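Structure assessment
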Amino acid sequence: MSAMEVNFGTWFERALAVFKVHWLPLVSLFAAAGICVGVPQALAQQWLLGYPLLTLLFQLAVVVAVTGPVMVGIARYVLRLFDNPDQAVDIHAAFRAALEGYQQFKDAALLFLIISGAGFVAQYVLSLFLWPMLAQLGSAVISFFIFTAAMFSVWLMAEHKCGFQAALSGSWSAVKDNFHVFLIFHLMALGVGIAGVIACGIGVVATLPLYFCLLAVAFREVFPHLGAAEPVAEPSATPAP
């Protein structure tokens, strides 16, 4: 893949245009996903207090069982919005699309087990030698690099219904030659996504969908000609405008 240039401003405008129209179903989806993941994890932290390994394992299980399939379903829904941005706003259709991710439960769960599991393992190992805050910071940095390498895997799985191996391989093939570019883009996109934390964490429900829309724009720039029926292939070599 040739050198790629990211025009973050243009990509952000495209993501924002879709988000402004379909913000209600998108925010509803991420709010529901946050509740389904956050509540069990918070309860586990209270119930398993004093058992950090068991807490991490339970939290990882929740991520694998819920976040994996749901994010694949949401990615499929967001891609449909970009392919047909004039479609009617429909919350029920959004939730149906999100649940479609469970049709690929095994591969979606394995994908998130690999991606998220590496971060959980890093946090546990670092916690053996460092203060908890430093361990969390170190694992966050490691996870960020892993997420960047695998940033297109969910989208490839959503569009092509491929296995987790093909999704990870396709993402890495797209990212590896311009890893520093995608690292910076992912950092900027993630900055938008977590900006809501400033508002006591409430605003993140609105900004995370915008982050997801930014990833969809990046995916369409790198894989502009792939149809849902085609196999996962090498990304386009055409630089972004």
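Heads up: these notes are all about the structure in this document. (Residues numbered from 1 in each chain as written. Predicted model: local features only at pLDDT ≥ 70, side-chain atom pairs only at ≥ 80, totals over all residues. Heavy atoms only, no water.)

1. A few points about the nonpolar core
I74, V78, F152, W155 and F185 are the most contacted members of the largest nonpolar core, which has 70 residues in total. Ranked by residue count, the leading element in this core is helix α3 (residues 52-83), at 16 residues. The residues contacting V78, other than those within four sequence positions of it, are L26, W155, F212, C213 and A216. (Core = buried A, V, L, I, M, F, W, Y, C linked by side-chain atoms within 4.5 Å. Buried < 20%, exposed > 50% of the residue type's maximum accessible area, 1.4 Å probe, protein only. Helix = DSSP H or I, 4+ residues; strand = E, 2+ residues; numbered from the N terminus. Contact = heavy atoms within 4.5 Å.)

2. Some words on a nonpolar patch on the surface
A contiguous nonpolar surface patch, about 1,100 Å² in accessible area, is contributed by V121, V125, L128, F129, L130, W131, L134, L137, V141 and F145. Sorting the residues of the nonpolar patch by element identifies α5 (105-127) and α6 (132-149) as the ones contributing at least two each. Residue contributions to the nonpolar patch peak at 4 residues, all from α6. Following the sequence through the fold, V141 ends up in helix α6. (Patch = residues over 30% accessible without salt bridge, like charges linked within 9 Å, V, L, I, M, F, W, Y side chains within 5 Å. Areas by Shrake-Rupley, 256 points an atom, 1.4 Å probe, with all protein chains shown as cover. Salt bridge = Lys/Arg side-chain N within 4 Å of Asp/Glu carboxyl O.)

3. Observations concerning the layout of surface pockets
If you add up the space inside the largest pocket, you get close to 1,700 Å³. In terms of lining, the largest pocket is formed by 37 residues, of which the most central are T67, S116, F147, L190 and L208. Within the residue set of the lining of the largest pocket, elements represented by two or more residues are α2 (23-47), α3, α5, α6, α7 (153-160), α9 (179-193) and α10 (204-222). A total of 7 residues in the lining of the largest pocket trace back to one element, the largest contributor, which is α2. Taken together, the residues of the lining of the largest pocket sort by class into 25 nonpolar, 12 polar and no charged. Top element by residues in the lining of the second largest pocket is α3. It accounts for 4 residues. Among the residues making up the lining of the second largest pocket, the classes are represented as 9 nonpolar, 7 polar and no charged. (1 Å grid on protein atoms, 1.4 Å probe; cavity = no way out; pocket = protein on both sides within 12 Å on 5 of 7 lines; lining within 4 Å. Points joined across faces, edges and corners; volume = space filled by probe spheres on them. Nonpolar A, V, L, I, M, F, W, Y, C, P; charged D, E, K, R; others polar.)

4. Topic: the packing of α2 against helix α4 (residues 91-99)
Taken N-terminus to C-terminus, the directions of α2 and α4 make an angle of 45°; their axes are 9 Å apart at the nearest point. Relative to α4, α2 is oriented oblique. For α2 against α4, the interelement crossing comes out right-handed. From α2, L24, P25, S28, L29 and A32 reach across to α4, where they touch I91, A94, F95 and A98. (Axes fitted to C-alpha atoms, helices over the stretch in contact; angles between N-to-C directions. Parallel < 35°, antiparallel > 145°, perpendicular 65-115°, else oblique. Left-handed = near helix turned anticlockwise from the far one by under 90°.)

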